[in-house]
Amino acid sequence: MASIPKIKTVFSKSLDDFFYGIAELAQFSVNVFREGIRPPYEFKEVLNQCYEIGIKSFVLVGVTAFILGLVLVMQSRPTMIEFGAGSYLPAMSSISIVREIGPLVTALICAGKIGSGISAELGSMKVTEQIDAMEVSGTNPFKYLVATRILATTLMIPVLTVYADFISLIGAFTGSNIKDDVNVHFYFNRVFEALHYTDVIPSFTKTFFFGFTIGLVGCTKGYNSKKGTEGVGKAANISVVVSMVGVIIIDMVVTQITSMLGYL
Amino acid sequence: MDKTLKKNILLGFFVLVGMTLFIAGIFLVGSKNEMFSKTFPISAKFTNATGLKPGSNIRYNGVKVGIVKSVNLINDTLVQVDMQIEESKRHFILSTAIAAIASDGLMGDKIVNISAGKGAGAEVRNGDLLQANNPLNTDKVLLTLSQSNENIRVITENLKTLTADINSNNGPVQLLYKDGAMAQNLKRSFGNLDAITNKVLNVSSSLQNITSQIQHGNGALGEIINDSSLSKNLSYTMGKLKETSDALNTASGQLSKTIGHANSGKGALNMLLTDTTFSATVQQSMINIKSASKGLDEDMEALKHNFLTKGYFRKQAKKERKALKDKE
Amino acid sequence: MMGAMSHIEPGKQVAQPAIEISHLQKAFGSKVVLSDFNLTINNGETVVVMGRSGIGKTILIKCIIGLIKPDGGQMFVFGKDISKLDHRELDELRMRVGFVFQSSALYDSMTVRENLEFPLRRDRRKKITENIDDLVREALRNVGLENAIDLMPSELSGGMRKRIGIARGLILKPEIVLYDEPTTGLDPITSEEITQLILSLQQKYKTTSIIITHDVDLAREAANRIVFLAKGVAYTQGTYDELVHSDDPEIKHFFKR
């Protein structure tokens, strides 16, 4: 039924797909900004999405963060004791949690949970004409569905990261207390003594980019998903992969920039 | 609508708690970094500021009072370190206070430690330049110590020859008193010994000084000492050094007596020949000196194995090897 | 049949057609869907568009409401050129056109009530907050599903979903309703029920309609005129009787089925 296209591929099939995906993302983000800044604003829907994204991911993020904090300390404790640096456990755990583990784990978990959720939801809405129905009802689906979700992820991932950091520190404290007897006050004193603004601010800032990436990728892949349930499933899958890789690349870039600015 | 309201209330609560945690965290970090308290500037000039960075802690007698603001070279030998001190700690710090660069724990960052100086002074003013106590160079101490040890060994050799001569009874005693040169030699050895004893005493007292500083927690080695065996080692070394110098003292005293006798010339030869106790005394002195020297050797060895000073000796050995190679 | 033509829109000329399509073109890549489509629909008329699957019927009505941008040609709805409207004007126009989707397109995340409220809340022409509930209940009464108000779409059967879809399409009391295969995928009895529902709502609200369907029964009962879409053009048009007795092999084949 479809006639044969004149040019089959520019480079190769997979490379073409890759560049096409990048172009798609770029175009989509341009649209998001263009549509997003024009009134009317969908505040109610933003709140609704914040609830869906923030509160419904809290337990998952919290449990993971706690366990990772706990495991981090339990794993590194023997080595640090061996080097006679047992008293550096709180400082070590706080810096690794605040700088890296908290933001990254939150972002990766959310890329899995929220990214795939968004793209499956938008994909199925697209396939079942719900997006068309919205447009017909005088609602710009780009504003109502896409901009709100991206804004919500951009705002909620940082909040979740703050929770993840604290919960993870509590996990690390629990981990220290399995073998040692450390009191809370002493522990958290050491934790905050080890931290500096240059640890907190860059790692907090990067979570906004993480959130934006997760939202953008999820929406793009969902919104542009192919017809049929297979297309929706594929979109969700690709969205998870792309947003995870995106998050890690951003993490690397931010780390590099931070170190170039002399904060590391 | 009711459901939406409930959701929004939950969301508001969620975000509020998150933000509170964040702001509380920021303030906790801030209070540890003196971001929100009033500060005033002072500075100090050091010859070496290795490891000191903006943000490094400043402690006064071990209590945190501020952070380093900047570290700048001002000429070919001096580094100026600008510090921010909490306003509330101002009245503890007098203008006579001494700043030194120290280490915060075993693997910790470098810190500036301020301690009270001698004598009374006025409260420190904004922009004051504190007197800097440049890091006590353990390398130098150890170098002196090893030289002393070498000297002692040479002297011991000399004395050994001498005693052998005395013991042999083969006329060299005569020679001893006839030959002024010999007497001169002996005298010189004695003088050398005395000087070395003083040197060792100095080293020992400077080590004692370090140890006491360490024990008072305001020395460079701060925390390590409290939980490592180095402290024990050091005090052991100290004890040994003291013994050595005591022994050297005794020996030199005895020798001095001998020479006094010899110099008095009154039946000295006779006495020397007949009095075996004198010979025995000299011998005893020799043994003492020997054992003291051996003890010193052992201490040196122990220091060599101590991980803190290992680096120094390794460097030294490398240098020697290199020198040897160059010679070849 | 032209009785419904009268005075639906005061201030507009009676003679003005509700929808006027001329030389409409649309292609996807190298695949031409509509090459030169012309159609005029008068006020109050019910036109059934028939044709084989994938021939571009849905594309046609999505062009009418501006969901798909055509490649060429002109479309006038209430005398306004769709392609020249800005966002706001297009939205206003869409308020006056109801669209019933093939898959009903109910919002999965919302209850039936919220689904019906959605167009009402989104209607920027007027603030109708106080009687939203009344309007929702009326719409549900029209389709006979008042007790489904708090169900989720996933809890509804296929026929119920279609009904709710129709209720939502009509809730703003549009002057034109576009039905995209309203009876596809339903058993014959339910199809008949939906057909009757469409007819009764037609009677009640006096709307102009375009119905896309393969359902010959629906076409027979509802159509004032049937347009047969083939080869990218309005291949043939006429009343049901005319088409049924047509000699054209393509149409014959279609109605024989």
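Each value, and the rule that gives it
- Within each chain, residues carry numbers counting from 1 in the order of the written sequence.
- To read the labels, note that chains go from A and ligands from 1, taken in the order they are written.
- Since the coordinates come from a predicted model, pLDDT governs what is reported: local features require at least 70, and pairs of side-chain atoms require 80 or more to be given and counted, while whole-chain, interface and lining totals use all residues.
- Counting from the N terminus, the helices are DSSP H or I runs at least four residues long and the strands are E runs at least two residues long.
- Here exposure depends only on C-beta density: within 10 Å of a residue's C-beta, 20 or more other C-beta atoms make it buried, 12 or fewer make it exposed, and intermediate numbers make it partly exposed, the C-beta atoms being placed from the backbone.
- Residue pairs qualify as contacts under a 7 Å threshold applied to their C-beta atoms, which are placed from the backbone.
- For helices, the axis comes from a line fit to the C-alpha atoms of the stretch in contact; other axes are also lines fit to C-alpha atoms, and the angle between any two N-to-C directions lies between 0 and 180 degrees.
- Crossing handedness is defined as follows: a turn of the near helix away from the far one that is anticlockwise and smaller than a right angle gives a left-handed crossing, while the clockwise case is right-handed.
- Polar here means any residue outside two lists: the nonpolar Ala, Val, Leu, Ile, Met, Phe, Trp, Tyr, Cys and Pro, and the charged Asp, Glu, Lys and Arg; Gly therefore counts as polar.
- A pair of strands counts as paired when DSSP detects no fewer than two bridges linking them.
- The nonpolar core is taken to be a set of buried Ala, Val, Leu, Ile, Met, Phe, Trp, Tyr and Cys residues joined by way of C-beta atoms within 7 Å.
- Predictor confidence is given residue by residue as pLDDT, running from a minimum of 0 to a maximum of 100.
- Each helix should span, by expectation, one fewer than its residue count multiplied by 1.5 Å.

Time to look at the overall build of chain B. When its secondary structure is counted, chain B shows nine helices and seven strands. A total of 328 residues make up chain B; the buried ones form 22% of that total. When contacts within chain B are restricted to residue pairs at least 6 apart in sequence, long-range pairs at least 24 apart make up 74% of them.

Where helix α2 (residues 43–82) of chain A contacts helix α3 (residues 89–127) of chain A, the two axes come as close as 9 Å, and the packing angle between them is 145 degrees. Regarding α2 of chain A and α3 of chain A, the two cross each other, and that crossing is right-handed.

Contacts between chain B and chain A engage 19 residues on the former and 19 residues on the latter. Its residues placed into classes, the side of chain B that touches chain A shows twelve nonpolar, five polar and two charged.

Here we come to the interface of chain A and chain C. Bring the parts together and some accessible area is lost; that lost area is often taken as the interface size. With 13 residues of chain A at the interface, the matching set in chain C holds 19 residues. The residue inventory of the side of chain A that touches chain C, partitioned by class, reads four nonpolar, six polar and three charged.

Moving on, we come to the sheet that holds strand β7 (residues 129–133) of chain B. Residues and elements named next belong to chain B. An order of β1-β4-β3-β2-β6-β5-β7 is seen for the seven strands of this closed barrel, with the pairing classed as mixed. On average, each strand axis in the sheet is tilted by 35 degrees relative to the strand beside it, whichever way the strands run. Where strand β1 (residues 39–46) meets β7, two bridges bridge the pair, whose relative direction is parallel. Among the inter-strand pairings, A44 is bridged to a residue of β7, identified as L130.

Take the nonpolar core next. Among the nonpolar cores identified, the biggest contains 138 residues, and A107 of chain A together with V48, V49, I64, A167 and L178 of chain C are the most heavily contacted of them. Not counting residues up to four positions away in its chain, the partners in contact with L178 of chain C are I61, I64, I65, V97, G98, F99, V100 and I210 of chain C. Counting 24 residues, the second largest nonpolar core, distinct from the first, contains I42, M83, V112 and V124 of chain B.

This part is about unusual backbone geometry. In this structure, N61 of chain B takes a positive phi of about 50 degrees despite not being glycine. Mapping N61 of chain B onto the fold places it in the loop between β2 (57–60) and β3 (63–73). Phi at H23 of chain C is positive, roughly 55 degrees, even though this residue is not glycine. Of the residues examined, H23 of chain C has 14 C-beta atoms within 10 Å and is grouped as partly exposed.

This part covers the environment of S96 of chain A. Residues and elements named next belong to chain A. Here S96 shows up in helix α3. Using a count of 18 C-beta atoms within 10 Å as the deciding quantity, one classes S96 as partly exposed. C-alpha separation for the pair S96 and L72, spaced 24 residues apart in sequence, amounts to 9.1 Å.

Summarising the element assignment, F186 of chain A is placed in helix α6 (residues 184–194). Measuring from C-alpha to C-alpha, the distance between F186 of chain A and P90 of chain A comes to 9.4 Å, with 96 residues separating the pair along the chain.

What follows deals with the confidence of the model for chain B. When pLDDT is low, close inspection of the predicted coordinates is not appropriate. All names here are of chain B. Confidence in the prediction of chain B, expressed as mean pLDDT, is 71, and 55% of residues score 70 or more. This stretch, residues 222–227, has a pLDDT under 50; its non-local contacts, to residues over four places away or in other chains, come to twelve contacts. Across the predicted assembly, pTM comes out at 0.66 and ipTM at 0.80.

Time to look at the sheet that holds strand β6 (residues 97–100) of chain C. Either a parallel or an antiparallel arrangement is found when strands of a sheet pair, and the pairing is made through backbone hydrogen bonds. All names here are of chain C. One open sheet accounts for six strands, arranged β6-β7-β8-β3-β9-β10; its pairing is mixed. Two strands bound the open sheet, and with one partner strand each, they are β6 and β10 (233–238). When the angles between neighbouring strand axes are averaged without regard to direction, this sheet yields 20 degrees. One ladder, built from four bridges, connects strand β3 (residues 46–50) with strand β8 (residues 208–212); its direction is parallel. In the strand pairing of β8, V49 is matched with I212. Strands in contact with helix α5 (residues 158–170) are β6 and β7 (176–180); relative to β6, the strand with the most contacts, it is inclined by about 165 degrees.

This part takes up α5 of chain C. Residue and element names in this part refer to chain C. In this model α5 runs 19 Å from its N-terminal to its C-terminal C-alpha over 13 residues, within 8% of the 18 Å that 1.5 Å per residue would give. Burial runs high along α5: eleven of the 13 residues are buried. Where the residues of α5 are buried, they touch β6, α3 (112–122), α4 (132–142), β7 and α6 (188–205).

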